[in-house]
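Geometric and topological summary
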Amino acid sequence: MNNIVAIVGRPNVGKSTFFNRLIKRREAIVDSVSGVTRDRNYGKSEWNGKEFSVIDTGGYIKGSEDIFEAEIRRQVELAIDEADAIIFVVDVEEGITPMDAEVAKLLRKVTKPILLAVNKVDNAMREKDAIEFYNLGLGEYFTIASISGSGTGELLDKLVEVLPELPEVTEEENPLPRFCVVGRPNAGKSSFINALIGEDRFVVTDIAGTTRDSIDTKYNRFGFEFNLVDTAGIRRKAKVKEDLEFYSVMRSVRAIEHSDVCILLIDATRGFEGQDQSIFWLAEKNRKGVIILVNKWDLVEKDTMSTRDYENKIKEELQPFTDVPILFISALTKQRLLKSLEETVKVFENRKQRIPTSKFNDYMLKVIEHMPPPALKGKYVKIKYCMQLPTPTPQFVFFANLPQYVKEPYKRFLENKIRENWDFSGVPIDIYIREK
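Taking an unreviewed UniProt entry as the reference, the protein chain is identified by name as GTPase Der belonging to Flavobacterium dankookense. As its UniProt record puts it under Function (unreviewed entry), the protein chain is described as follows: "GTPase that plays an essential role in the late steps of ribosome biogenesis." Entered under Subunit (unreviewed entry) in the UniProt record, the comment concerning the protein chain runs "Associates with the 50S ribosomal subunit."

**What about helix H12 (residues 408-421)?**
The first and last C-alpha atoms of H12 sit 20 Å apart over 14 residues, in line with the 20 Å expected at 1.5 Å per residue. Inspection of H12 places Tyr-410, Lys-411, Phe-413, Leu-414, Glu-415, Ile-418 and Arg-419 among the buried residues, and these make up the whole buried set. In this structure, the buried residues of H12 make contact with helix H11 (357-370), strand S14 (383-388), strand S15 (395-400) and strand S16 (430-435).

**Section: the pattern of salt bridges**
One pass over the structure, following the stated rule, counts 19 salt bridges. The shortest N-O distance in the salt bridge between Glu-165 and Lys-50 comes to 3.6 Å. You can see Glu-165 sitting in the loop between helix H5 (152-162) and strand S7 (178-183) and its partner Lys-50 sitting in strand S3 (residues 50-56), a full 115 residues away along the chain.

**Quick word on the packing of aromatic side chains**
Taken as a whole and assessed by the stated rule, the structure comprises 15 aromatic pairs. Arranged with centres 5.8 Å apart and planes meeting at 80°, the rings of Phe-396 and Phe-424 form a pair that is edge-to-face. Separated by 28 residues along the polypeptide, Phe-396 in strand S15 and Phe-424 in the loop between H12 and S16 bring together distant segments of the chain. Judged on exposure class, the residue Phe-396 and its partner Phe-424 are both buried. Each ring, one from Tyr-410 and one from Phe-413, has its centre 5.3 Å from the other, and the planes form 40°; the classification is tilted. A residue pair is termed a helical-turn pair when its members lie 3 or 4 positions apart in one helix, as Tyr-410 and Phe-413 do in helix H12 at three residues. Comparing Tyr-410 with Phe-413, the two get one shared label, buried. Taken together through their ring pairs, the aromatic side chains of Phe-360, Tyr-363, Phe-396, Phe-398, Trp-422 and Phe-424 make up a single cluster. For the cation-ring pair, Lys-313 lies above Tyr-310, with the distance from its terminal atom to the ring centre recorded as 5.9 Å.

Here is what the cut-offs are and how they apply
For every chain, the first residue of the written sequence is number 1, and numbering continues from 1 along that sequence. With the structure being a predicted model, the display of local features is reserved for residues of pLDDT at least 70 and the display and counting of side-chain atom pairs for 80 or more, all residues being used for whole-chain, interface and lining totals. Only hydrogens and water are set aside; all other atoms, that is, all heavy atoms of the structure, feed into the side-chain values. UniProt positions are given in the numbering used here, feature names are shortened, and annotations may be inferred rather than shown by experiment. Secondary structure counts use DSSP, requiring at least four H or I residues in a row for a helix and at least two E residues in a row for a strand, with both numbered from the N terminus. Expected helix span is given by 1.5 Å per residue-to-residue step, counting one fewer step than there are residues. Buried means the residue's accessible area, taken with a 1.4 Å probe over protein chains only, is under 20% of the maximum for its type, while exposed means over 50%, and partly exposed covers the values in between. A contact between two residues is defined here by any heavy atoms of the two lying within 4.5 Å. Any carboxyl oxygen of Asp or Glu that lies within 4 Å of a side-chain nitrogen of Lys or Arg is treated as forming a salt bridge with it. Stacked, edge-to-face and tilted labels apply to pairs of Phe, Tyr and Trp rings (six-membered ring for Trp) whose centres lie within 6.5 Å, assigned for plane angles under 30 degrees, over 60, and everything in between, in that order. Only Lys NZ and Arg CZ are tested; either one counts as a charge over a ring when it is within 6 Å of the ring centre and within 35 degrees of the ring normal.

Here it is as structure tokens:
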């Protein structure tokens, strides 16, 4: 589990540039996955060997000036609730604005670590101008220029120092699978969990989780045994108006990082919306198993084709990762609840499965021989050996003489072939091409 750091401040002070600078450190290593822009507001970063998740509140604001203030206020309040540390970014060019003062007023009441970052300080004159930010009453400030990166080191040193120590996670012998139920507000997550547990609560233990109010409910019925990670997202916070993408993402981050398989509940009457998609890509980016449950199916006018059309519509949105189980359920009438558990357990098994190297080579090398990677600049790419890596999630490596010539479409072709022959339904797969 990671600490969560939220970056707050009014629009146009350079929060996103600063955010990108924090994330860059990681993006340089990771492959650029298609669909990354969908969740540009959340990422992981590390400094001095400490890893933390970063949330950029700036990216979520839509609307005109006057709506802004209430909006920002709400986001700051939410960040105060959810994050472990807060970086408050202000702009030296404009000095203290009424909105900055407003945000500072909220932050002064908080006990969590708050770092004040004065941005756009790129020369000595501006260093002097920054002194006025002592008036915000938040103590020491850090002068940074997020576009060039100057000053960010000192800020991060301090950040890593003030982040709370996380309890060491003890590895159990056979840890139970962890499933989390995520989805936009009002998709029926609570009813789904209550229907599973049964009102009489067949709960054996409530282990208070490592995150604030993410409680693991041990579930043991009908021959299934697993931990259900019940998240803050399920407990509604009264003061948050719940229709914003920002909130469901912020709430889901912890649950998703914390689980093996994410059960994404969507509301059949509303369709697969942007908010559902951002949660889906969040799970995909964290390499978790995913299963989509279309809830409230009893409320939809149906004819013979409706499930198939609905399923195709969702899959269109999920390109290129379409190998995901989609079930139509109703938490209210308890329709297909057991089937959804079976599928979730199956996704969990798929995520753990190992393919013996000899079998994998026998099958994949024939496929590659039949359909080799396209030649580039008259050079032919030869792949002679492949294997599954011993990682917690399915990753495959193919050894080629010219790995740089193997492009994204061919990797996707390989992935599709792997999925055709082995069941990796609901599980993201990574394909690497390395030099032999």
